[in-house]
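Below are the chains, spelled out letter by letter.
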Amino acid sequence: CMSSDPAALFGPGPNSYVGSILGIDGFAATTDTTAFSLEAWVNGSASQTSGAGIITKGTGSGGEQFNLDVYNGVYRFFVRDSAGAIPNGSVVATVGPNGTWQHVVAVYDGPGGNLYLYINGQQVGSAAASAAGILSSTHEVSIGSRQSGSGAYDNNFKGTIDEVAIYATALNGSQVYNHYNAQLIWPGFAPRICQPPQPVTVWPSTMATPVNATFSVLPGGDNSFTYQWMVGGSPIAGANGSSYTLY
């Protein structure tokens, strides 16, 4: 539902990736004043190799200049400083691939001193950037896989990746949110459901703290649509948004 162009399918690998892309290698200066952003629409199963690369520059096991991947089932972003260290840790999301399209953006803001990670237009994590700049690397950027060492591209993402972009600037939160929404609004195209509501399982209300169930829908098209949630074929009063919560 991203565009009429097919997304790239990766994995299970090894060596299922896109690399040697002209105009990308060496775009980021190695001082602490550099800035860049990584963006992609990602659709993969929850079962991923730990360290499955989405967008990476550098070899594995300490040679990464930057890395956006899936680690222990969730999205992760880190940048190594000029000494090859990650002194303030990686930015780790609380969510990972789940079989639906997700908009993933990683931002390195050297002048602002921070790293950010966004999923579907929302910031899900941040970390302080090192004052020692970033690691120098002439290694190619890879999409869809990365090296665990210096050999094969064996940390393959399993799924599809679309609309990849790398910017030599730090996108702010509003820009990321607008990018997320822009991918879903196409003037002149009839409304359609890009991502239907997903099943939700909650425990019985006998729990000490009851758990609510929230359902969401992701539409696309010319933005002329309206929302109406139904139950048993009848409309639910007041349920006119992109999500609905059962209490």
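I will try to describe carefully the structure that is included in this document.

## Description of the overall build of the chain
Right, on to step 1. Each helix and strand counted, the chain has one helix and 19 strands in total.
Right, on to step 2. Counting over 247 residues, the chain shows a buried share of 43%.
Right, on to step 3. Here the analysis covers contacts within the chain between residues at least 6 apart in sequence; of these, 65% occur between residues at least 24 apart.
Right, on to step 4. In the form shown here, the chain has an accessible surface area of approximately 11800 Å², with 53% of it arising from carbon and sulfur atoms.

## Description of the nonpolar core
Right, on to step 1. With 29 residues, the main nonpolar core has Ile54, Tyr75, Phe77 and Leu117 as its most contacted residues.
Right, on to step 2. For this core, the elements supplying multiple residues, two or more each, are β2 (35-44), β3 (52-58), β4 (64-71), β5 (74-79), β7 (102-109), β8 (114-119) and β10 (141-143).
Right, on to step 3. Element by element, the count of residues in this core is highest for β2, at four residues.
Right, on to step 4. Core analysis: the second largest hydrophobic core is formed by six residues, Ala213, Trp229, Ile236 and Ala239 among them.

## Notes on the packing of aromatic side chains
Right, on to step 1. This model, assessed by the stated rule, comprises six aromatic pairs.
Right, on to step 2. Taking 4.9 Å as the distance between ring centres and 40 degrees as the angle between the ring planes, the aromatic pair formed by Phe36 and Phe66 counts as tilted. In this pair, Phe36 sits in strand β2 while Phe66 sits in strand β4, placing the two residues 30 residues apart along the sequence.
Right, on to step 3. Residue class for Phe36 comes out buried when judged on its relative accessible area of 0%.
Right, on to step 4. Its relative accessible area of 0% is what places Phe66 among the buried residues.
Right, on to step 5. Centroid distance Trp41 to Tyr180: 5.8 Å. Interplanar angle 25 degrees. Geometry classified as stacked. Taken together, the residues span a long stretch of sequence, with Trp41 in strand β2 and Tyr180 in helix α1 (residues 173-182) at a distance of 139 residues.

## Comments concerning the side chain of Asp81
Right, on to step 1. Looking at the secondary structure, you find Asp81 in the loop between β5 and β6 (91-92).
Right, on to step 2. Of the side chains with opposite charge, Arg80 comes closest to the buried, unpaired Asp81, at an N-O distance of 7.4 Å.
Right, on to step 3. At 2.9 Å, the side chain of Asp81 forms a polar contact with the backbone nitrogen of Ala83.
Right, on to step 4. One polar contact links Asp81 to Ser130, side chain to side chain, over a distance of 3.1 Å.

## A short note on the sheet that holds β7
Right, on to step 1. The strand order across the open sheet built from six strands is β1-β13-β2-β7-β8-β9, with neighbouring strands paired in antiparallel fashion. Where the open sheet ends on each side, the last strands, each with one partner, are β1 (8-10) and β9 (122-128). Along the sheet, successive strands turn relative to each other by an average axial angle of 25 degrees, direction set aside.
Right, on to step 2. The pairing of β1 with strand β13 (residues 159-167) spans three bridges and is antiparallel. In the sheet register, Phe10 faces β13, and the bridge partner there is Gly159.

The rules behind the values
- Residues numbered from 1 in each chain as written.
- Predicted model: local features only at pLDDT ≥ 70, side-chain atom pairs only at ≥ 80, totals over all residues.
- Heavy atoms only, no water.
- Helix = DSSP H or I, 4+ residues; strand = E, 2+ residues; numbered from the N terminus.
- Buried < 20%, exposed > 50% of the residue type's maximum accessible area, 1.4 Å probe, protein only.
- Contact = heavy atoms within 4.5 Å.
- Areas by Shrake-Rupley, 256 points an atom, 1.4 Å probe, with all protein chains shown as cover.
- Core = buried A, V, L, I, M, F, W, Y, C linked by side-chain atoms within 4.5 Å.
- Phe/Tyr/Trp six-rings, centres within 6.5 Å; stacked < 30°, edge-to-face > 60°.
- Lys, Arg positive; Asp, Glu negative; His and termini not counted.
- Salt bridge = Lys/Arg side-chain N within 4 Å of Asp/Glu carboxyl O.
- Polar contact = N/O pair within 3.5 Å; in protein donor to acceptor, adjacent residues only side chain to side chain.
- Pairing = 2+ DSSP bridges.
- Axes fitted to C-alpha atoms, helices over the stretch in contact; angles between N-to-C directions.

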